[in-house]
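Each chain is listed here by its residues.
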Amino acid sequence: MYTPHPDRYADMPYRRTGRSGLKLPALSLGLWHNFGPDRPVDVQRAILRRAFDLGVTHFDLANNYGPPPGAAESALGDALKADFSHHRDELIVSTKAGYLMWPGPYGEWGSRKYLLSSLDQSLGRMGLDHVDIFYSHRPDPETPLEETMGALHSAVQQGKALYVGISNYSAEQTREAARILADLGTPLLIHQPRYSMLDRRPEDEGLLDTLDELQVGSIAYSPLEQGLLTGRYLNGIPEDSRAASDSPFLSADTVTEDLVGRLRTLDEIAKCRGQSLAQLALAWVLRGGRVTSALVGASSPRQLEDSVEAIGNLDFTEDELARIDAVAKA
């Protein structure tokens, strides 16, 4: 039987999410990949246990995480029952709906029909009566935003979610979503954007400024830029890497000689700070406390441990930030 580490809350910083009472760990565990039938169950369980031992109390999912879709939620459900049945109230479990989950016109996007049906299915797979955060995974260009936000509000009213969030929404869409939810009486808790040293769109397009103004939290996904910022590509494309596969998320064409050179320079900056490139990238996203939490994936407990070590040095000098900008924005 799993017994959590008694000092699991000693080192992890917890940050208040916007103006809510909810705090999230600086690093959260995303179950996008590595949780499904193609991965050993004992490794999946070991990752979740090690995360909790290290103070990573937030497990982030979506209905379509796997592969196949739904597998990650089922895997977490099994782990919750086996290892965390007495610790549910110490955990934040989040899930999302928005991308294709089943055939037909009601299997994706942002209709009330899809979102609430998807949430019921997610709860069934995880064996839960509620999630802590339920997200609209992407804006729907055809469904009125009032309907999508109304569905999130209903999830809270029905007791199936404690808080609601959005992901991949623009600054303007975020502002309108927050207004609608406020009128309904369910505050927008959090936004989940893609954000990294190599992807500055939340800064450049004003999203982070909007979240600051609205006092809405943020949790960055892909802070390691699909693995580019892990150090795996410092000498080109490894044969077993994502870029060498047929992954739609990172192609071999992306890994140019210029990019590899920039990654090497960033790696040198990291070494001067006593960090790996991945730790530097995570620390950069978390710098200054503007981002509430950064999402990391893990294929092993050791990989997760390496990521968590980033919290040991989240401070940057102005010179370091300028050097990173000069390289990452090139």
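Scroll up for the structure.
Residues numbered from 1 in each chain as written. Predicted model: local features only at pLDDT ≥ 70, side-chain atom pairs only at ≥ 80, totals over all residues. Heavy atoms only, no water.

## Concerning helix H11 (residues 318-328)
Short version of the rule: Per-residue accessibility, obtained with a 1.4 Å probe over protein chains only, is compared with the maximum for each type, and a residue is labelled buried under 20%, exposed over 50%, and partly exposed between these values. To qualify as a helix, a DSSP run of H or I must reach at least 4 residues; to qualify as a strand, a run of E must reach at least 2; elements of each kind are numbered from the N terminus. Throughout, the arc means the angular range of directions from the helix axis out to the C-beta atoms. Contacts were defined at the residue level, with two residues in contact if any of their heavy atoms lie within 4.5 Å.
Within the span of H11, buried status applies to Glu320, Leu321, Ile324, Val327 and Ala328. On an axial view of H11, the arc spanned by its buried residues comes to 130 degrees, and they lie on one face. For H11, the exposed residues set more than 90 degrees away from the buried face come down to Glu318 and Ala326. Residues of H11 that are buried make contact with helix H8 (257-272) and helix H9 (277-286).

## Considerations on the layout of surface pockets
This is how it is decided: For cavity detection a 1 Å grid was placed over the protein atoms alone, and a set of points counts as a cavity when a 1.4 Å probe fits there but cannot get out; an open set counts as a pocket when protein lies on both sides within 12 Å along at least five of seven lines, with lining residues being those that have an atom within 4 Å of a point. Grid points are joined across faces, edges and corners, and a volume is the space filled by probe spheres set on the points. Asp, Glu, Lys and Arg are counted as charged, while Ala, Val, Leu, Ile, Met, Phe, Trp, Tyr, Cys and Pro are counted as nonpolar; the rest, among them Gly, fall into the polar class.
Approximately 240 Å³ is the volume found for the second largest pocket. What lines the second largest pocket is a set of 17 residues, among which Arg19, Thr186, Pro187, Leu188 and Leu189 lie closest to the centre. Contributing elements (two or more residues each) for the lining of the second largest pocket: strand E7 (161-167), helix H5 (171-184) and strand E8 (188-192). Of the residues contributing to the lining of the second largest pocket, the split by class is 10 nonpolar, 5 polar and 2 charged.

## Side note on the sheet that holds strand E5 (residues 92-97)
What counts is decided by this rule: DSSP calls a pair of strands paired once it identifies at least 2 bridges connecting them. Inter-axis angles, ranging from 0 to 180 degrees, are taken between N-to-C directions of lines fitted to C-alpha atoms, where helices are fitted over the stretch in contact.
Here we have 8 strands rolled up into a closed barrel, ordered E3-E4-E5-E6-E7-E8-E9-E10, and parallel in their pairing. Averaged over all adjacent pairs, the angle separating strand axes in this sheet is 30 degrees, with direction ignored. For strand E3 (residues 27-30) and strand E4 (residues 58-60), the ladder comprises 2 bridges, and the chain directions are parallel. Looking at the pairing, glycine 30 lines up with aspartate 60 of E4. Packed on one face of the sheet, H5 meets E7 and E8 and runs near 160 degrees to E8.

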